[in-house]
Amino acid sequence: MIETSHASLARPLIAGVVTALVGFTSTFAVVLTGLRSVGATPEQAASGLLAVTLMVGVGCILLAWRYRMPITIAWSTPGVALLAATGAVEGGWPAVVGGFLVSGALILCTALFPPLGALIARIPPSIAQAMLAGVLFPLCIQPFVGLIADPWGVAPVLIVWLVASRLLPRWAVPLAFVAAIVVVAVSLGRTGAELDAASLVPQLAFTAPTLTVGSVVGIALPLFVVTMASQNVPGVAVMRSLGYTIPWRPAMLVTGAGSMLAATAGGHAVNLGAISAAIAAGPDAHPDPKRRWVAGVSAGSTYLVLVALSAAFAAIVLLAPAGVIPAVAGVALFAAFGSAVQQAIDDPGERTPAVVTFLIAASGIAIAGVSAAFWALVAGLIVRTVLHLGRRAA
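Being a predicted model, the structure only gives us computed values, none of them experimental.

Calculation rules
Residues numbered from 1 in each chain as written. Predicted model: local features only at pLDDT ≥ 70, side-chain atom pairs only at ≥ 80, totals over all residues. Heavy atoms only, no water. Helix = DSSP H or I, 4+ residues; strand = E, 2+ residues; numbered from the N terminus. Rg over C-alpha atoms; globule rule 2.2 N^0.38 Å. Buried < 20%, exposed > 50% of the residue type's maximum accessible area, 1.4 Å probe, protein only. Contact = heavy atoms within 4.5 Å. Areas by Shrake-Rupley, 256 points an atom, 1.4 Å probe, with all protein chains shown as cover. Lys, Arg positive; Asp, Glu negative; His and termini not counted. Charge placed at Lys NZ, Arg CZ, Asp CG, Glu CD. Salt bridge = Lys/Arg side-chain N within 4 Å of Asp/Glu carboxyl O. Core = buried A, V, L, I, M, F, W, Y, C linked by side-chain atoms within 4.5 Å. Axes fitted to C-alpha atoms, helices over the stretch in contact; angles between N-to-C directions. Parallel < 35°, antiparallel > 145°, perpendicular 65-115°, else oblique. Nonpolar A, V, L, I, M, F, W, Y, C, P; charged D, E, K, R; others polar. Polar contact = N/O pair within 3.5 Å; in protein donor to acceptor, adjacent residues only side chain to side chain. Patch = residues over 30% accessible without salt bridge, like charges linked within 9 Å, V, L, I, M, F, W, Y side chains within 5 Å. pLDDT = per-residue confidence, 0-100.

A. Here's a closer look at the overall build of the protein. Across its full length, the protein carries 17 helices and 2 strands. Against the 2.2 N^0.38 benchmark of 21 Å for 394 residues, the protein shows a C-alpha radius of gyration of 21 Å, consistent with a compact globule. Each of the three principal axes of the protein carries a C-alpha extent, and together these read 70 × 55 × 45 Å. Within the span of the protein, comprising 394 residues, buried residues form 51% of the whole. Taking all contacts inside the protein whose residues are at least 6 apart in sequence as the whole, residues at least 24 apart take part in 83%. Per element, the accessible surface of the protein, about 16,700 Å² overall, is 71% carbon and sulfur. Averaging the coordinates of the 17 positive side-chain charges in the protein and doing the same for the 11 negative ones gives two points 13 Å apart.

Now the structure itself:
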């Protein structure tokens, strides 16, 4: 009986470890890329990665333990993709941190004021997904741009990713990152560069936030919308499909507060897991749904271990030849991009507004210091409203 109990417990424990390892290694490069794009120094970007990893770990443990559900928390991957597409904003890094803080406060407000969450839910999915696809597009083409610029560095990453996608789909991106580490090691051997031991020690770098129009309208609002529409809402749907009803208010309290706590250390946003939820809450974690909550605690505990390694991962990124890490980040987002495009154009009646939204978001244009993602959302809604009014009038 004891052996059976131990064997039974091992399954959700392993599922949780896999959830965290896949979640971290698949997209941490996207986090660092996004933070650097909006003005973070290498130290500030490493601090941001540490902060969101810590909040993800704590959030998983708190929610899974309290509600006895395999609830998983993740950082907002679409959110950092948005940052990568946004670039520098008026006011620099302190203004970006202010935008993170406002975005976290808005997530917290969806728990305290349900109508705010309902307002986000009213944004047509085609528009929200088209904005996300446009934001992801510049990152998704980086593997091919890098392949031309540095074929010897990028080709191994893409080959490993392709073969693993065929044989071990879940581990395709982590294995692509392993290939990138090999490329970095070879590069260090050729150049003689050395890794600074001090850079391997995790450190938080706090920044006093400031607020500008560009940071609130160009960072906070799009980050809030994309996190809610592309992470929290799908996260609830995935868990519901697996037989779990997420406690919405507590989940938003934890993720909103976690996002705000991480903000001044450079963390962008944390939210409910969507893809990771399917690993920890699926039948493979345990045949008995009532025992799968252990996977959530296991995932959180593994993330806390990864906190200690976050600086080392950030250091590897800094040492990589140009194009190698963007290639890893790009392949990590292929699935999200494909899903966003499919949902954006799935309904022929919504296709034109979605195309307008996508093109503006992908253009990277900034008006009055406000990022393209915001203007894409506005333009898509305007086009949709005009076209629908014309149909009703006819």
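B. Seen up close, the pattern of salt bridges. For the coordinates displayed, the defined rule picks out 1 salt bridge. In this structure, Glu 350 engages Arg 384 in a salt bridge whose closest nitrogen and oxygen atoms are separated by 2.8 Å. Of this pair, Glu 350 sits in the loop between helix 15 (334-345) and helix 16 (351-363) while Arg 384 sits in helix 17 (residues 372-393); the two residues are 34 residues apart in sequence, bridging distant segments of the chain.

C. The arrangement of the nonpolar core in detail. Residues Phe 24, Phe 28, Leu 35, Trp 93, Phe 100 and Leu 272 are the most contacted members of the largest nonpolar core, which totals 97 residues. Beyond its immediate chain neighbours, meaning those up to four positions away, Leu 272 contacts Ile 71, Thr 72, Ile 73, Ala 74, Gln 231, Asn 232, Val 236, Ile 246, Ala 251, Met 252 and Thr 255.

D. Just the side chain of Thr 19, in detail. Its place among the elements puts Thr 19 in helix 1 (residues 2-37). Residue classification places Thr 19 among the buried residues on the basis of a relative accessible area of 2%. Other than its neighbours up to four places away in sequence, Thr 19 contacts Thr 72, Ser 276, Ile 279, Ala 280, Ala 299 and Tyr 303.

E. Structural context of the environment of Leu 82. Note on placement: Leu 82 falls in helix 3 (residues 77-86). Linking Leu 82 and Trp 65, residues 17 residues apart in sequence, is a C-alpha distance of 32 Å. Setting aside its immediate chain neighbours within four residues, Leu 82 contacts Val 135, Ile 219, Pro 222, Leu 223, Val 226 and Ala 373.

F. Spatial organisation of the packing of helix 9 (residues 172-191) against helix 14 (residues 324-332). Between helix 9 and helix 14, the shortest axis-to-axis distance is 10 Å and the interhelical angle comes to 175 degrees. As judged from the angle between their axes, helix 9 and helix 14 are roughly antiparallel. Listed contacts from helix 14 to Val 173, Ala 176, Phe 177, Ala 180 and Val 183 of helix 9 are Val 324, Ile 325, Val 328, Val 331 and Ala 332. Tallied by class, residues from the contact of helix 9 with helix 14 come to 10 nonpolar, no polar and no charged.

G. Quick peek at unusual backbone geometry. A positive phi angle, close to 50 degrees, is found at Arg 68, a residue other than glycine. You can see Arg 68 is positioned in the loop between helix 2 (42-67) and strand 1 (73-75). Relative accessible area serves as the criterion here: at 39%, Arg 68 is assigned to the partly exposed category.

H. Representation of helix 3. For helix 3, a buried count of 8 out of 10 residues is recorded, marking the element as mostly surrounded by other parts of the structure. Buried within helix 3 we find Thr 77, Pro 78, Gly 79, Val 80, Ala 81, Leu 82, Leu 83 and Thr 86. With a side-chain oxygen lying 3.0 Å from the backbone nitrogen of Gly 79, the N-terminal cap of helix 3 falls on Ser 76. Positive phi shows up at Gly 87, right after helix 3, with a value of about 75 degrees.

I. Summary view of the packing of helix 4 (residues 92-112) against helix 5 (residues 114-121). For the pair helix 4 and helix 5, the least separation of the axes is 5 Å and the interaxial angle reads 110 degrees. Relative to helix 5, the element helix 4 is oriented roughly perpendicular. Packed against helix 4, whose contacting residues are Leu 106, Cys 109, Thr 110, Ala 111 and Leu 112, the element helix 5 presents Pro 114, Leu 116 and Gly 117 at the interface. The class makeup of the residues in the contact of helix 4 with helix 5 is 6 nonpolar, 2 polar and no charged.

J. Up close: a nonpolar patch on the surface. Residues Ile 159, Val 163, Leu 167, Leu 168, Leu 175, Val 178, Val 182 and Val 186 make up a contiguous nonpolar surface patch of about 690 Å² in total accessible area. When residues of the nonpolar patch are traced back to their parent elements, those giving at least two are helix 8 (151-167) and helix 9. A per-element tally of the nonpolar patch places helix 9 first, with 4 residues. Checked against the element boundaries, Ile 159 lands in helix 8.

K. The environment of Leu 54, seen in detail. Summarising the element assignment, Leu 54 is placed in helix 2. The sequence separation of Leu 54 and Val 307 amounts to 253 residues, and the corresponding C-alpha distance is 6.1 Å.

L. Highlighting the confidence of the model for the protein. Mean pLDDT over the protein works out to 88, with 95% of the residues at or above the 70 mark. Predicted confidence in the protein is weakest over helix 5, with a mean pLDDT of 76, and strongest over helix 2, with 96. Taken as a whole, residues 1-7 scores under 50 in pLDDT and shows 0 contacts with residues more than four places along the chain or in a different chain.

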